[in-house]
Amino acid sequence: MNVGVLLVTHPGVGSAMLHIASRIIGRTTLPVKCLEVPADASLEPTIDAARSMLEVLNAGDGVLVLTDIYGATPHNLAKQVACNRPGTTVLSGLNLPMLVRVFNYPEDDLDTLSSKAAEGGSRGIMSCPLQPAGD
């Protein structure tokens, strides 16, 4: 398997996540691209860039598209370009545990990788209860 990964995020988020995940895991064997979408981006050229990246990333095994905030411009753009496209899955809520999990399973197919990404993202969220003073 060789699923492509496209990060569609606000400026600075995707590149920072890729940098940090690469420092943690090392170089990934998955093809990865990042499209950072400024708030004032022209829609058509950005959509064209996203479509082009999807074409390059899809070597036949599909593309996992990860966006940072559900309902924000990057997510809406990814949804418009990729949601009804065969061989693509869009997940929102990108966080570092999600991306590290994706990089840890480069041999998985698109459906399995998508499930593991979602699981890694949700399991990476923890709350530490406050301890009473004096304990």
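All of these numbers come straight from a predicted model, not from anything done at the bench.

## Comments concerning the overall build of the protein
Looking only at helices and strands, one finds five helices and four strands in the protein. When the elements of the protein are put in sequence order from the N terminus, they spell out β-α-β-α-β-α-β-α-α. In terms of overall size, the protein behaves like a compact globule, its C-alpha atoms giving a radius of gyration of 16 Å where 135 residues would be expected to give roughly 14 Å. When each of the 135 residues of the protein is scored for burial, the buried share is 41%. A fraction of 74% describes how many contacts in the protein between residues 6 or more apart in sequence connect residues 24 or more apart. Carbon together with sulfur atoms contributes 54% to the accessible area of the protein, which is approximately 7,400 Å² in total.

## Some words on the nonpolar core
One finds Leu-7, Leu-64, Leu-66, Leu-94, Leu-99, Val-102 and Phe-103 to be the most contacted residues of the largest nonpolar core, which totals 19 residues. Counting only elements with at least two residues in this core, the list comes to strand 1 (4-9), helix 1 (13-25), strand 3 (63-67), helix 4 (96-104) and helix 5 (110-123). If you look at the next biggest cluster of nonpolar residues, it comprises 16 residues, including Ala-50, Leu-54, Leu-57 and Ala-82.

## Brief notes about the environment of Ala-49
By the element assignment, Ala-49 lies in helix 2 (residues 43-57). Using a relative accessible area of 27% as the deciding quantity, one classes Ala-49 as partly exposed. Each C-alpha atom, one on Ala-49 and one on Leu-35, is 8.0 Å from the other, the two residues being 14 residues apart in sequence.

## A closer look at the packing of aromatic side chains
Considering all chains together, one arrives at zero aromatic pairs under this definition. Stacked on the ring of Tyr-105, the Lys or Arg Lys-116 has its end atom at 3.7 Å from the ring centre.

## Observations concerning the environment of Ile-24
Mapped onto the fold, Ile-24 is located in helix 1. C-alpha separation for the pair Ile-24 and Val-100, spaced 76 residues apart in sequence, amounts to 7.7 Å. Beyond its immediate sequence surroundings of up to four residues, Ile-24 is in contact with Leu-96 and Val-100.

Parameters at a glance
Along each chain, numbering runs from 1 in the same order as the chain's sequence is written. Residues qualify for local features only when their pLDDT is at least 70, as the model is predicted, and side-chain atom pairs are given and counted only at 80 or more; totals for whole chains, interfaces and linings, by contrast, use all residues. The side-chain figures draw on all heavy atoms in the structure; neither hydrogens nor water molecules are used. What counts as a helix is a DSSP run of H or I of at least four residues, what counts as a strand is a run of E of at least two, and both are numbered from the N terminus. Note that the radius of gyration is over C-alpha atoms, with the globule rule given as 2.2 Å times the number of residues to the power 0.38. Only protein chains enter the accessibility calculation, which uses a 1.4 Å probe. A residue is then buried if its area is under 20% of the maximum for its type, exposed if over 50%, and partly exposed in between. Contacts between residues were defined by any pair of non-hydrogen atoms, one from each residue, lying within 4.5 Å. Throughout, the Shrake-Rupley method with a 1.4 Å probe supplies accessible areas, and for residues the shown protein chains are the sole cover considered. Buried residues of nine kinds, namely Ala, Val, Leu, Ile, Met, Phe, Trp, Tyr and Cys, make up a nonpolar core once their side-chain atoms join them within 4.5 Å. Centres within 6.5 Å make a pair out of two Phe, Tyr or Trp rings, where for Trp the six-membered ring is used; the pair is then stacked when the planes are under 30 degrees apart, edge-to-face when over 60, and tilted otherwise. Only when the NZ of Lys or the CZ of Arg is both within 6 Å of the ring centre and within 35 degrees of the ring normal is a charge said to sit over the ring.

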